[in-house]
Amino acid sequence: MNETFDVKLSEKHYLPDPRFRETAWTPDYTAAYQAFLADPEAFWDEIARELVWFEPWDRVREWNAPYARWFVNARLNITYNCLDRHVTSERRDKPALIWRGDGGEERTLTYQELFEDVSRFARGLVSLGIGKGDRVCIYMPLVPEQIIAMLACARIGAVHSVVFGGFGAGALRTRLNDASVKAVITADVGYRRGKTIPLKEIADEALADAPSVEVVIVLNRSGSAAKPGGDREVDFADLMERSAPDCPAASMDAEDPLFILYTSGSTGTPKGIVHTCGGYMVGTYYTTRHVFDVKDDDILWCTADPGWITGHSYVVYGPLAAGVTVAITEGTPDYPDPGAFWKMIQDLKVTIFYTAPTAIRMFMKHGEAWPEKYDLTSLRILGSVGEPLNPEAFEWYYQVIGKSRCPIVDTWWQTETGMHMITTMIGEPMLPGFAGKPIPGVVADVVDREGRPVPPGTGGFLVIKEPWPSMMRTVHGNDERYCTYWNTIPGYYTAGDLAVKDENGYIMVLGRADDLIVVAGHNIGTAEVESALVSHDAVAEAAVIGKPDPLKGNAIKAFVTLRTGYTASDDLTAALLKHVRDQLGPVAVPSELEYADRLPKTRSGKIMRRVLKAKELGIDPGDISTLEE
Ligand code: 6R9
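Residues numbered from 1 in each chain as written. Predicted model: local features only at pLDDT ≥ 70, side-chain atom pairs only at ≥ 80, totals over all residues. Heavy atoms only, no water.

The name that an unreviewed UniProt entry assigns to the protein chain is Acetate--CoA ligase, with the source organism given as Methanoculleus taiwanensis. Reading the Sequence similarities (unreviewed entry) entry of the UniProt record for the protein chain gives the comment "Belongs to the ATP-dependent AMP-binding enzyme family." (UniProt positions renumbered as here; feature names shortened; annotations may be inferred.)

Dropping the structure here:
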């Protein structure tokens, strides 16, 4: 099979105000990229020196493909850089976290307060016999204690495995056992859209069959009088109370594991991705600073839950290492109404807003009237992550939310990469539909199955050609699976995504390679057809799959949700199909189109095409533990 294919590219672009470039941490992308290429080790060395290390490195990088070691023999603690470094400076009384609950209540923790809470909790963990290398599962709602728990683990060298609080017992049990977790930190309840989620009950169900767990720490959120039951249960607040706020940051080898995090599982079974202390710290610190271009007075709101890699890197570690103020909420974007997020931006004066295309398309569906009720002038930079940001959604985000003032960074990366890899650096021209170019520090390309670069306009596999500091080190307990990332296209890291480059090297991500559809010998990326559908006024979201077809090999079937004010009809179907034909040509026109109220998604908001496909073909969908209810 010929794996490359042609893609229609548009040339529309936007230029940000030149002032962005003047003040950016990376004022000249091309110069910075060239400096990196000229001496990659010197490039990373210089960034790493902005942080505090207990012992310096002997070498910046050691590469025995597919195994890398970064900052060889250096010693550090990431929490020293996220906390201690700031409390000894004028950042001490600056808010580190501003949290809003589901019911609108608010809590602010300064860097000093966060430092003390983390130290207390870290001491508490030690008192329970938890130490370096022990795996600790954090199964909590989005409350400050979730972040305190993560940082406390990192402080003593315990390896955290955060499981999103929206997961059910089955998904939790698999993750507890896969990582042989010693301690679980949870809460009695979580709140979501005004409803109470019985988190502890769900955890108990998973714990009944998780023999490695010795300790369960429970945060009492509901204020219930119930005391922790059983001899392995400990109350979060009791533990904090009886521990002193002084816990030295453990000295970690740069290559010691920092955390395990399971992937979103949009195409296969979740994998326990392992990240290490040194490289991950440098990668997330650098990208927070240079991609979001954070300045000391910025308020960064990344809407992801810390249970996802986006939350790990850009709610917790990157922003705190950079010393900015982080906004977080347990609330959802459309509760109590679709203005909830815009109200939060207005109230907290958020300057950098980072969210996912699934949320942007939902906002589009509800219309412009909602954001227009709020003052969004504090916004400076907008970000997107998780799925291709289709041109239609880019335009809306740019115009309606950013008022054509704010650069958009559409950041392509993965749980496995730990940090942003491809985007349009602040100040560079932005092309709707294109994530952008590899950031300085990253060598990315689009190639065929043999690893040969494909010409502009031709789709192929997205690969990374050189190791980078925050790359995953292995898949927990399954090193073979780790190696497949590096030997599918020998010598390169294969991301599993399809992409296409334009003449200037801008990269457009077309979706997961597993979702590729071959129609009459033409390879079609799901994102292309979905973007064409979404560019029609009536369409809120679209997902396309391939269905076996005796003539064409595969035929395209589209699932479509409509924007408020539109109803399904045969006329609309005809109009939508014509719209795709006009945009992409006859080969990409779906042979079937079905209207749906919603699309199956992972709990992190990615469309699960394989679930649609399995349903359509009446086959087993495989692992669906990450599917939203
Ligand atoms: C950070 C995160 C990774 C997969 C990745 C790709 C998709 C992420 C994207 C994007 C197009 C972007 N993806 N960002 N596709 N444009 N800006 O989402 O990690 O949950 O591991 O998912 O998400 O398909 O391979 P993760």
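Peer 1: For this particular structure, what's the right way to read the UniProt feature "domain: Acetyl-coenzyme A synthetase N-terminal" (unreviewed entry) in the protein chain?
Peer 2: In this numbering, the UniProt entry assigns the feature "domain: Acetyl-coenzyme A synthetase N-terminal" (unreviewed entry) to residues 29-82. With 44% helix and 26% strand, the stretch residues 29-82 has end C-alpha atoms that lie 27 Å from each other. (Helix = DSSP H or I, 4+ residues; strand = E, 2+ residues; numbered from the N terminus.)

Peer 1: I keep staring at the site of the ligand and nothing clicks. Help me out?
Peer 2: Taken together, 17 residues lie around the ligand, and D410, T411, T415, R512 and K606 are the ones closest in. G386 places a main-chain nitrogen or oxygen 3.1 Å from a nitrogen atom of the ligand. In the model, an oxygen atom of the ligand is placed 2.9 Å from a nitrogen or oxygen of the Q414 side chain. At the level of secondary structure, the elements contributing two or more residues to the shell around the ligand comprise α11 (309-322) and β28 (507-512). Its residues placed into classes, the shell around the ligand shows six nonpolar, six polar and five charged. (Near = heavy atom within 4 Å. Polar contact = N/O pair within 3.5 Å; in protein donor to acceptor, adjacent residues only side chain to side chain. Nonpolar A, V, L, I, M, F, W, Y, C, P; charged D, E, K, R; others polar.)

Peer 1: I keep staring at empty space enclosed by the protein and nothing clicks. Help me out?
Peer 2: Take a probe with the size of a water molecule and roll it over the atoms, and the empty space left behind shows itself. Taken as a whole, this structure holds three cavities of 30 Å³ or more when the rule is applied. Each pocket or cavity is described by its volume, and for the largest cavity that value is around 110 Å³. In terms of residue count, the dominant contributor to the lining of the largest cavity is helix α17 (residues 526-534) (four residues). Along the lines of polarity and charge, the residues of the lining of the largest cavity split into five nonpolar, two polar and four charged. Inspection of the lining of the largest cavity shows a minimum of three residues originating in each of domain 1 (5-77 + 256-511) and domain 3 (520-617). One number sums up the size of the second largest cavity: a volume of about 40 Å³. (1 Å grid on protein atoms, 1.4 Å probe; cavity = no way out; pocket = protein on both sides within 12 Å on 5 of 7 lines; lining within 4 Å. Points joined across faces, edges and corners; volume = space filled by probe spheres on them. Domains from an automatic or database assignment.)

Peer 1: Help me understand the domain arrangement of the protein chain, please; the structure alone is not making it clear to me.
Peer 2: It is common to give the size of an interface as the accessible area lost on bringing the parts into contact. The domain architecture assigned to the protein chain consists of domain 1 (5-77 + 256-511), domain 2 (78-250) and domain 3 (520-617). Each of domain 1 and domain 2 was reduced to a C-alpha centroid, and the two centroids are 26 Å apart. Each partner contributes to the interface: domain 1 provides 48 residues, whereas domain 2 provides 48 residues. For the domain 1 and domain 2 pair, buried surface summed over both sides reaches about 4400 Å², with 56% attributable to carbon and sulfur atoms. Linking domain 1 with domain 2 are five salt bridges. Its salt-bridge partner being D334, residue R193 comes within 2.7 Å of it at the nearest N-O pair. The interface formed by domain 1 and domain 2 includes 33 residue pairs in polar contact (both at pLDDT 80 or more). Here the side of domain 1 that touches domain 2 takes eight residues from α11, the largest share from any one element. (Contact = heavy atoms within 4.5 Å. Buried area = accessible area lost by both parts, 1.4 Å probe. Salt bridge = Lys/Arg side-chain N within 4 Å of Asp/Glu carboxyl O.)

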